[in-house]
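# Architecture and fold: a report
Listed here are the chains, written in short residue letters.
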Amino acid sequence: MTIKTRMLGGWNRYINPEAALFDREKCGKWMIFCQGPDFAQQICRAAVADGAVAESKWRSDMKSVACVFYVNGDDRAAHKRVIRFFLEHDLIPKTKNGRLYNISFKFDCQTRANEYGEAFHPKITLADFLDLETGAWKD
């Protein structure tokens, strides 16, 4: 698989040819925060190379490192692939009791509409796929 690497707007991107299949109205992202740019680079590249996603990117702002993983919002199999990748690499944060945080998927159209903070209301969350207490798949 050919993976293109490029930097755009401070983001380091990894893209395979399947990213051309994203639908502008359906595409969105799962975002995680991780420790250090070296890890972010490795995990974003691995997600694309392993076929978990067609595109990922990361950016560091000295306080944190954000990693973003793109899928079409209506592609349940794609959501499951990226969530499985997150679980395999222990990327989903947990509470003190070991419960998975209910991270959210955000559509790009929500980003374009400046839905941030209190204005952002997720339509898809991790709880739609996993039992947050046990980590078991819901379907």
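Check the entry above for the structure.
The shown structure was predicted, so the numbers you read here are calculated from the model rather than taken from an experiment.

Two elements, strand β3 (residues 27-34) and strand β6 (residues 104-107), share 3 bridges in a ladder whose sense is antiparallel. Bridge pairing in β6 places glycine 28 opposite phenylalanine 107. Sheet topology note: the β6/strand β7 (residues 124-125) ladder contains 2 bridges and is antiparallel. Residue phenylalanine 105 lies in a different strand from β7, and its bridge partner there is isoleucine 124.

Another point: the side chain of histidine 79. Topologically, histidine 79 is positioned in helix α2 (residues 76-88). By relative accessible area, histidine 79 is classed as buried at 1%. Discounting residues that sit within four places of it in the chain, histidine 79 has contacts with Trp30, Val71, Asn72, Gly73, Phe105, Ile124 and Phe129.

A few words now on the packing of aromatic side chains. One pass over the structure, following the stated rule, counts 6 aromatic pairs. Residues phenylalanine 69 and phenylalanine 86 carry aromatic rings whose centres are separated by 5.1 Å and whose planes lie at 75° to one another, so their mutual orientation is edge-to-face. Of this pair, phenylalanine 69 sits in strand β5 (residues 65-72) while phenylalanine 86 sits in helix α2, and the two are 17 residues apart along the sequence. Take phenylalanine 86: its relative accessible area is 0%, and that puts it in the buried class. Both rings, one in phenylalanine 105 and one in phenylalanine 107, keep their centres 5.1 Å apart while their planes meet at 90°; by these two values the pair is edge-to-face. Of the two residues examined, phenylalanine 105 and phenylalanine 107, each falls in the buried class. Pairwise contacts between aromatic rings join Trp30, Phe105, Phe107 and Phe129 into one cluster.

A few words now on the nonpolar core. Membership of the largest hydrophobic core comes to 34 residues, with the highest contact counts inside it found for Trp30, Cys67, Phe69, Phe86 and Leu126. Going through the elements one at a time, β3, α1 (37-49), β5, α2 and β6 are the ones with two or more residues in this core. Residues Cys27, Ala66, Val68 and Tyr70 belong to the second largest nonpolar core, which totals 5 residues.

Right, let's get into the side chain of arginine 13. Inspection of the secondary structure assignment puts arginine 13 in strand β2 (residues 11-15). We classify arginine 13 as buried; its relative accessible area is 12%. Separated by 2.6 Å, the side chains of arginine 13 and glutamate 55 make a polar contact.

An ideal rise of 1.5 Å per residue puts 18 Å on 13 residues; α2 measures up with 18 Å between its terminal C-alpha atoms. Turning to α2, its buried residues are Ala78, His79, Lys80, Val82, Ile83, Phe85 and Phe86. Where the residues of α2 are buried, they touch β3, α1, β5, β6 and β7. The first or second residue beyond α2 is aspartate 90, which carries a positive phi of 50°.

Parameters at a glance
Think of each chain on its own: its residues are numbered from 1, step by step along the sequence as written. Given that the model is predicted, a residue must reach a pLDDT of at least 70 before its local features are reported, and side-chain atom pairs must reach 80 or more before they are shown or counted; all residues, however, enter totals for whole chains, interfaces and linings. Hydrogens are left out, water is left out, and the side-chain values use all remaining heavy atoms of the structure. Strand pairing requires that DSSP identify at least two bridges connecting the strands. Numbering of helices and strands runs from the N terminus; a helix is a DSSP stretch of H or I covering at least four residues, while a strand is a stretch of E covering at least two. Relative accessibility under 20% of the residue-type maximum defines a buried residue, over 50% an exposed one, and the middle range a partly exposed one, all with a 1.4 Å probe and only protein chains included. We call two residues contacting when some pair of their heavy atoms lies within 4.5 Å. Only the six-membered ring of Trp is used, alongside the rings of Phe and Tyr, when aromatic pairs are assigned; centres must lie within 6.5 Å, and planes under 30 degrees apart are stacked while those over 60 apart are edge-to-face, with the rest tilted. For our purposes a nonpolar core is just a set of buried Ala, Val, Leu, Ile, Met, Phe, Trp, Tyr and Cys residues, chained together by side-chain atoms within 4.5 Å. Polar contacts, as counted here, are pairs of nitrogen or oxygen atoms within 3.5 Å of one another; within protein the pair requires one atom able to donate a hydrogen and one able to accept it, and residues that are adjacent in sequence qualify only if both atoms are side-chain atoms. Multiplying one less than the number of residues by 1.5 Å gives the expected span of a helix.

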